[in-house]
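Chain by chain, the residues run as shown.
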Amino acid sequence: MSTESKSSIPTDSEIVFGILNNSENAIKRLYVAYFPMVMQLILNNNGTPDDAKDIYQEAIIVLYNKVKKGDFELNSKLKTFIYSVCRRLWLKRLSQMNRYGGDIHDFNDYLPVEDEVEEQGERDIQFTKMQSALQMLGEPCKTIIEDFYIHNRSMQEICESFGYTNADNAKTQKYKCLQRLKKLFFQQK
Amino acid sequence: MRDEQLIEAIERYLSGEMNADERNAFEQLRRENAELDTRVIEHQQFTGLLKQYGERVELERRLNAIHQEIDVHAIAEEVTVHPSWIVQLWRDHHSKISVAASIAIFAVLATLFFTGYLNNNNSYTELSREVGRLNRSTTDMKKDINAIKKGRVIAAPDKSRGTGFAITSNGLIATSFHVVNGADSIYIQDVSGRSFKAKAIYNDPQSDVSILKVIDTTFRSLGQIPYTFKHSESDLAENVFTFGFPQDSPVYGDGRLTSASGLNGDTLDYEISVPINPGNSGGPLLDSKGNIIGIVRAKETRLEGVHFALKSGYLLNAIKNIPEDSLTKVPVLNTENALAKLTRQQQVKKIKPYVFMVKVY
């Protein structure tokens, strides 16, 4: 699927197939296309441009995961979906900050997206825990774990870049690191 | 099997590095050993989470990179709702505007108050005929001079005049309160020019009704009153007429009932289009059947041909309220209408003897 055309607003199917094909350009065009809408929503409802960025990126991630999972149905418009998620996220944020006045100025239709937002929230909690567990893990464990489990590098490569004398040492190190990481992760509340 | 080796085996199993035999053996073991099965699932989930975390971090990095390229400030500027200049003006200067507005309102009200504009009566002239002093003074002086020459007693000129009409044959006369208000003495004069002394036995300033009683000894019964009094309200566009004394001889005028309420919605009054003049005040307003439906009383100065008449219901109330000690007997109103079938000329002729000029001294 070619996403090289430069029309200002990409079609929904272009975006969906672009995401499925890991097209960098598709995400970029999506991002540029709907950011002003979200900016308008947030700024007109007591938010700042930074809030708009956070909310919008979170919404893009929700959409991204939904498309990757294959359960984004093209019958709802992408624009409406993004608006709905941002609206939901912003309402949540406002009530957390106790700034919600009970009224949000809508200028678009919106869908019920509570489930998606909720799911995203839970996953975010897991990721935050993972992030701090990795921070606490320290070097070189962090890099070994990231290289092996995230970047899919082979034990051989890792062994070389860390200067381990043999692969077994590296494996033992990696095993210990993983055990510590698990411990750190599950220790957190 | 040591834990480290177990994890390695699980990893090899999950990544598909095992050959078919190993794989079968491992799966066999996994089916038999529930603990191993749990460990496999746990490991799969944890490394899956790690992987997803990595992807998330990568995605966020990409999004941030895209964000860097966007001119956030320009977009913010574009989507912010800019209030119109008038709103802006209000926000910046509302305290000053409020003060200015208060002063302006106060000034207007003060001006209106001092010029008497707020006084509604301005437009409302009572129809009582104030006799024009200039006009009369010459004739009066002439009369006086003649009288002095002839050595006669001077009859004092009347202060104001209106009209009244008989409500009973024994000399109860209805008129407007404002006609007789402040009177030293009251005389009524019939069409043939005979005067009788009368006194007000009941005044109702609220509805502007006054009931007079003739106390002159020369007064004789008027005979059967030809008209009756209407209790209910009359309909719009009813053909009405009046008969009164805006000048020395009686004047007839007719027109229509134009509204069921008077000036500024005053429900005491009808609005009528009968041409009337000062001196008509207190005169009867009759409908085409010869029923008294009201008392003519005032005129709107700003509009031509708009006059008002008190509704007959208030007259009937006034009659009811006459204190008993000022009456020799309870007034009995005529209920037999002698006018209904007559032409207008005949009606007026019949009414004539029952309508009086009210002279106030």
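For the structure, check the block above.
Here goes a summary of the coordinates provided. None of the values given here were measured: they were computed from a predicted structure.

1. What about the overall build of chain B?
Next up, step 1: Tallying secondary structure elements over chain B gives nine helices and 15 strands in all.
Next up, step 2: Per-residue burial over chain B gives 42% buried out of 361 residues.
Next up, step 3: Counting only contacts in chain B whose residues sit at least 6 apart along the sequence, the fraction spanning at least 24 positions is 66%.
Next up, step 4: Counting every atom, chain B has about 20,500 Å² of accessible surface; 54% of that belongs to carbon and sulfur.

2. A closer look at the interface of chain A and chain B
Next up, step 1: Taken together, the contact pairs 42 residues of chain A with 30 residues of chain B.
Next up, step 2: Summed over both sides, the interface of chain A with chain B buries roughly 3,500 Å², with 68% coming from carbon and sulfur.
Next up, step 3: Among the ionic pairs, E69 of chain B bridges to K28 of chain A, the shortest N-O distance being 2.5 Å.
Next up, step 4: Among the residues making up the side of chain A that touches chain B, the classes are represented as 23 nonpolar, eleven polar and eight charged.

3. Let's talk about empty space enclosed by the protein
Next up, step 1: Under the definition given, this model contains one cavity of 30 Å³ or more.
Next up, step 2: As for the largest cavity, its lining consists of K171, K174 and Y175 of chain A together with E4, I7, E8 and E11 of chain B.
Next up, step 3: Those elements that place two or more of their residues in the lining of the largest cavity are α8 (167-187) of chain A together with α1 (3-15) of chain B.
Next up, step 4: Across the lining of the largest cavity, the residue classes break down as two nonpolar, no polar and five charged.

4. Structural notes on unusual backbone geometry
Next up, step 1: With an omega dihedral of 0°, the bond running from E139 of chain A to P140 of chain A counts as a cis peptide bond.
Next up, step 2: Summarising the element assignment, P140 of chain A is placed in the loop between α5 (114-137) and α6 (141-150).
Next up, step 3: Positive phi, normally seen in glycine, also occurs at N22 of chain A, with a value near 55°.
Next up, step 4: Here N22 of chain A is to be found in the loop between α1 (12-20) and α2 (24-43).
Next up, step 5: Positive phi is not limited to glycine here, since A237 of chain B has a value of about 70°.
Next up, step 6: With respect to the helices and strands, A237 of chain B occurs in the loop between β8 (228-229) and β9 (239-244).

5. A short note on the nonpolar core
Next up, step 1: L30, M39, Y56 and I82 of chain A are the most contacted members of the largest nonpolar core, which has 47 residues in total.
Next up, step 2: Of all the secondary-structure elements, those providing two or more residues to this core are α1, α2, α3 (49-69) and α4 (78-96) of chain A together with α3 (34-69) and α4 (72-79) of chain B.
Next up, step 3: Of all the elements, α2 of chain A adds the most residues to this core, at twelve residues.
Next up, step 4: Dropping the residues within four chain positions of it, M39 of chain A is found in contact with P49 and A52 of chain A together with V72, I75, A76 and V79 of chain B.
Next up, step 5: Counting residues in each nonpolar core, the second largest holds 46 residues, with V209, F243, L286 and L310 of chain B among its members.

6. Points about the environment of I276 of chain B
Residue and element names in this part refer to chain B.
Next up, step 1: Secondary-structure assignment places I276 in the loop between β11 (269-272) and β12 (284-287).
Next up, step 2: Assessed through its relative accessible area of 3%, I276 is described here as buried.
Next up, step 3: Between the C-alpha atom of I276 and that of V306, which follows or precedes it by 30 residues, the distance is 9.3 Å.

7. Some details on the packing of aromatic side chains
Next up, step 1: For the structure on display, the rule yields 15 aromatic pairs over all chains.
Next up, step 2: Plain terms: the ring middles of F186 of chain A and F46 of chain B are 5.9 Å apart, the flat faces sit at 40° to each other, and that makes the pair tilted. Here F186 of chain A is found in helix α8, whereas its partner F46 of chain B is found in helix α3 on a different chain.
Next up, step 3: Here the aromatic rings of Y187 of chain B and Y361 of chain B are separated by 5.7 Å at their centres, their planes lie at 85°, and the arrangement is edge-to-face. Of this pair, Y187 of chain B sits in strand β5 (residues 186-189) while Y361 of chain B sits in the segment after β15 (355-360); the two residues are 174 residues apart in sequence, bridging distant segments of the chain.
Next up, step 4: Among the residues examined, Y187 of chain B registers a relative accessible area of 28% and is labelled partly exposed.
Next up, step 5: Among the aromatic side chains, those forming a connected cluster through ring pairs are F165, Y227, F229 and Y354 of chain B.

8. Some details on α4 of chain A
Next up, step 1: End to end, α4 of chain A covers 27 Å across 19 residues, agreeing with the expected 27 Å (1.5 Å per residue, within 8%).
Next up, step 2: Two residues or fewer after α4 of chain A comes N98 of chain A, characterised by a positive phi angle close to 55°.

9. Let's talk about the environment of I211 of chain B
Next up, step 1: Take I211 of chain B: it is sitting in strand β7 (residues 209-214).
Next up, step 2: The contact partners of I211 of chain B, leaving out residues within four places of it in the chain, are I167, L172, I173, A174, K199, A200, I201, Y202, L315, I319 and I322 of chain B.

The rules we used
- Every chain is numbered independently, its residues counted from 1 as its sequence is written.
- Labels are handed out in written order, letters beginning with A for the chains and numbers beginning with 1 for the ligands.
- Where local features are concerned, this predicted model is filtered to residues with pLDDT of at least 70; where side-chain atom pairs are given and counted, the filter is 80 or more; whole-chain, interface and lining totals use all residues.
- Note: side-chain values were computed over all heavy atoms of the structure, leaving out hydrogens and water.
- Runs of E in the DSSP output that reach at least two residues are strands. Runs of H or I that reach at least four are helices, and both are numbered from the N terminus.
- Accessible area is worked out with a 1.4 Å probe on protein chains only. A residue is then buried under 20% of its type maximum, exposed over 50%, and partly exposed in between.
- Any pair of residues with heavy atoms lying within 4.5 Å of one another is described as a contacting pair.
- All accessible areas in this document rest on Shrake-Rupley with a 1.4 Å probe, and a residue is counted as covered only by the protein chains that are shown.
- Here the quantity called buried area is the accessible surface, traced with a 1.4 Å probe, that two parts lose on coming together, added over both.
- We count a salt bridge whenever a side-chain nitrogen from Lys or Arg sits within 4 Å of a carboxyl oxygen from Asp or Glu.
- Gly counts as polar in this scheme, as do all residues outside two lists: the nonpolar Ala, Val, Leu, Ile, Met, Phe, Trp, Tyr, Cys and Pro, and the charged Asp, Glu, Lys and Arg.
- Of the two site types, the cavity is a set of points on a 1 Å grid over the protein atoms alone where a 1.4 Å probe fits but cannot get out, and the pocket is an open set with protein on both sides within 12 Å along at least five of seven lines, each lined by residues with an atom within 4 Å of a point.
- Grid points are joined across faces, edges and corners, and a volume is the space filled by probe spheres set on the points.
- Note on terminology: a nonpolar core comprises buried Ala, Val, Leu, Ile, Met, Phe, Trp, Tyr and Cys residues joined through side-chain atoms within 4.5 Å.
- Each pair of aromatic rings taken from Phe, Tyr and Trp, with Trp reduced to its six-membered ring, is defined by centres within 6.5 Å and is described as stacked if the planes are under 30 degrees apart, edge-to-face if over 60, and tilted in the remaining cases.
- The span expected for a helix works out to 1.5 Å for each residue beyond the first.

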